[in-house]
Amino acid sequence: LFFMILLYGCTNINNQKYIKILNEELSKPAITNGFHFSTKLTHTPTIQFTLSGKNLFFAVDTASVGNFMLGSKSVKQIVNKKLYKIANMIDLEDGHILSVTIDKNVFLLDPKGIFTSGLKRNPYDGFIGLTYLEQYKNVVFDYKNNVILFNQDPICDNELPMYKNNFGWYTIFECNGIESNALIDTGCFSVFINKQNVKNTINDDQLINIKLGSTVINNISLKNNDTLITNEHARNTIYKYENIIGYPCFKDHVIQLDFENNVFRIK
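Criteria and thresholds
- Here, residues in each chain are numbered from 1, in the same order as that chain's written sequence.
- Per-residue local features of the predicted model are confined to residues with pLDDT of at least 70, and side-chain atom pairs are confined, for both listing and counting, to 80 or more; whole-chain, interface and lining totals are unaffected and use all residues.
- Only hydrogens and water are set aside when side-chain values are computed; all heavy atoms of the structure are taken into account.
- Remark: exposure states derive from per-residue accessible area (1.4 Å probe, protein chains only) relative to the maximum for the residue type, with buried under 20%, exposed over 50%, and partly exposed in between.
- Counting from the N terminus, the helices are DSSP H or I runs at least four residues long and the strands are E runs at least two residues long.
- If DSSP finds at least two bridges between two strands, the strands pair.
- Only the six-membered ring of Trp is used, alongside the rings of Phe and Tyr, when aromatic pairs are assigned; centres must lie within 6.5 Å, and planes under 30 degrees apart are stacked while those over 60 apart are edge-to-face, with the rest tilted.
- What goes into a patch is any residue over 30% in relative accessible area without a salt bridge, connected to like charges within 9 Å or, for nonpolar side chains (Val, Leu, Ile, Met, Phe, Trp, Tyr), within 5 Å.
- Only the protein chains shown count as cover for residues, and all accessible areas are computed by the Shrake-Rupley method using a 1.4 Å probe.
- Take a side-chain nitrogen of Lys or Arg and a carboxyl oxygen of Asp or Glu: if they are within 4 Å of each other, that pair is a salt bridge.
- None of His or the chain ends enter the tally, which takes Lys and Arg as positive and Asp and Glu as negative.
- Just so you know, the charge point we use is NZ for Lys, CZ for Arg, CG for Asp and CD for Glu.
- When checking whether two residues touch, look at their non-hydrogen atoms; a contact exists if any pair is within 4.5 Å.
- Here an axis means a line fitted to C-alpha atoms, over the contact stretch when the element is a helix, while the angle between two N-to-C directions is reported on a 0 to 180 degree scale.
- We call two N or O atoms a polar contact when they sit within 3.5 Å, provided that within protein one can donate a hydrogen and the other can accept it, with sequence-adjacent residues counted only if both atoms are side-chain atoms.
- Note on scores: pLDDT gives the predictor's confidence for each residue, bounded by 0 and 100.

### Topic: the pairing of strand β17 (residues 263–266)
Logical step 1: Side chains of β17 alternate between two faces, with Val 263 and Arg 265 and Phe 264 and Ile 266 buried alike.
Logical step 2: Both strand β10 (residues 159–164) and β17 contribute to a ladder of 3 bridges, which runs antiparallel. Residue Leu 160 lies in a different strand from β17, and its bridge partner there is Phe 264.
Logical step 3: Counting the residues between successive antiparallel strands, the hairpin from strand β16 (residues 254–258) to β17 contains 4 residues, one of them, Asn 262, with a positive phi of roughly 55°.

Shown next, in the form of structure tokens:
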């Protein structure tokens, strides 16, 4: 019992610490056509999202088809508690999942983190996915200025074709000179490569070079970062044969997912 109390106390301290960091990062004047975001904790763009008059922290994940709500204390203050009890009891992996609509936004309830698990430190109340983002013509993630903007003019001429399947939006890229397709994943802290295609080109240091049109990102490490996202289940099952481009490809750039024209841009 003492250990459980101690563990609960440490978790609360950590959550309070993360919330304090996000409050400091996101305490800027609101912008009308988007959000300020922070990547300080998990490298996933995290925004302050207001629902029912309450400010919540949501990760913006382009590889999440739906919007998800976790079982945080803040979320439970605006969602029916009985609904959460039912969501905790059902088997989400068998396709049974509950949803709730708040301020015209539809969220899937994932109180156990089954679909959104893998975060060793989780400051989030939920995830904003394509259900929200695709209501706009396009979305811009400006990693240089830490802002997400909607319905912008094309950011550059460096355009790549973009197509969608059940996991999200894909584009064309080159890994060590070999062309393939990759999932555009703002929720991924790293880059994951199907080594069957490029295994002979990867050196002992597990470093690769990525090319997205005219944009080149060199010396990306394929080694895991144990302090961030470690969703082994998703990586080894759902995305086992996928190429995924994430934070290392985006962190020094501005990217645009143009849903209207099926184009990915990066500068």
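### Details of unusual backbone geometry
Logical step 1: If you check the backbone angles, Asn 151 has positive phi at about 55° while not being a glycine.
Logical step 2: Residue Asn 151 is classed as partly exposed on the basis of its relative accessible area of 43%.
Logical step 3: The residue Asn 176 is not glycine, and still its phi comes out positive at about 50°.
Logical step 4: Among the structural elements, Asn 176 can be located in the loop between β11 (169–175) and β12 (178–184).

### Details of the packing of aromatic side chains
Logical step 1: For the structure shown, the criterion picks out 15 aromatic pairs.
Logical step 2: Here Phe 49 and Phe 58 contribute two aromatic rings whose centre-to-centre distance is 5.5 Å and whose plane-to-plane angle is 65°, an arrangement assigned as edge-to-face. Summarising the burial analysis for this pair, Phe 49 and Phe 58 share the class buried.
Logical step 3: Between Tyr 143 and Phe 250, the aromatic rings sit 6.0 Å apart at their centres with planes inclined by 40°, giving tilted as the arrangement. Taken as a pair, Tyr 143 in the loop between β8 (138–142) and β9 (147–150) and Phe 250 in helix α7 (residues 247–250) lie far apart in primary sequence, 107 residues in all.
Logical step 4: Taking the relative accessible area as the measure of exposure, Tyr 143 reaches 6% and is therefore buried.

### Overview of a positive patch on the surface
Logical step 1: Taken together, the side chains of Lys 76, Lys 81, Lys 82 and Lys 85 define a basic patch exposed on the protein surface.
Logical step 2: Here Lys 76 shows up in helix α2 (residues 73–76).
Logical step 3: Look at Lys 76 and you get partly exposed, because its relative accessible area is 37%.

### Digging into the sheet that holds strand β5 (residues 99–102)
Logical step 1: Ordered by their spatial adjacency, 6 strands build an open sheet running β2-β3-β7-β4-β6-β5, and the pairing between neighbours is mixed. Each end of this open sheet is capped by a strand with a single partner; those strands are β2 (46–51) and β5.
Logical step 2: Looking at chain direction, strand β4 (residues 68–69) and strand β6 (residues 105–109) are connected through 2 bridges and run parallel. Within β6, the position partnered with Phe 68 by the bridge is Leu 108.
Logical step 3: Lying over the sheet, helix α3 (residues 81–89) contacts β4, β5 and β6, oriented at roughly 45° with respect to β6.

### Brief notes about the side chain of Asn 67
Logical step 1: Looking at the element boundaries, Asn 67 is found in the loop between β3 (54–60) and β4.
Logical step 2: Among the residues examined, Asn 67 registers a relative accessible area of 3% and is labelled buried.
Logical step 3: Looking at Asn 67, its side chain comes within polar contact range of the main-chain oxygen of Val 106, at 3.1 Å.
Logical step 4: The contacts of Asn 67, once residues within four sequence positions are left out, are Val 106, Phe 107, Leu 108, Phe 127, Ile 128, Gly 129, Thr 131 and Tyr 132.

### A few points about the confidence of the model for the chain
Logical step 1: Per-residue confidence for the chain gives a mean pLDDT of 82, with 79% of residues at or over 70.
Logical step 2: For residues 1–13, every residue scores under 50 in pLDDT, and the model assigns this stretch 0 contacts once sequence neighbours within four places are set aside.
Logical step 3: A low-confidence stretch, residues 225–233 (pLDDT under 50), is modelled with 25 contacts involving residues beyond four sequence positions or located in other chains.

### Observations concerning the pattern of salt bridges
Logical step 1: This structure, assessed with the given rule, holds 4 salt bridges.
Logical step 2: Between Lys 251 and Asp 252 there is a salt bridge whose closest N-O contact spans 3.2 Å.
Logical step 3: One network of salt bridges, in which partners are shared, links Glu 159, Asp 258 and Arg 265.

### Considering the side chain of Ser 72
Logical step 1: Relative to the helices and strands, Ser 72 resides in the loop between β4 and α2.
Logical step 2: Judged by relative accessible area, Ser 72 falls into the buried class, the value being 15%.
Logical step 3: At 3.2 Å, the side chain of Ser 72 and the backbone nitrogen of Val 75 are in polar contact.
Logical step 4: Other than its neighbours up to four places away in sequence, Ser 72 contacts Tyr 124 and Asp 125.

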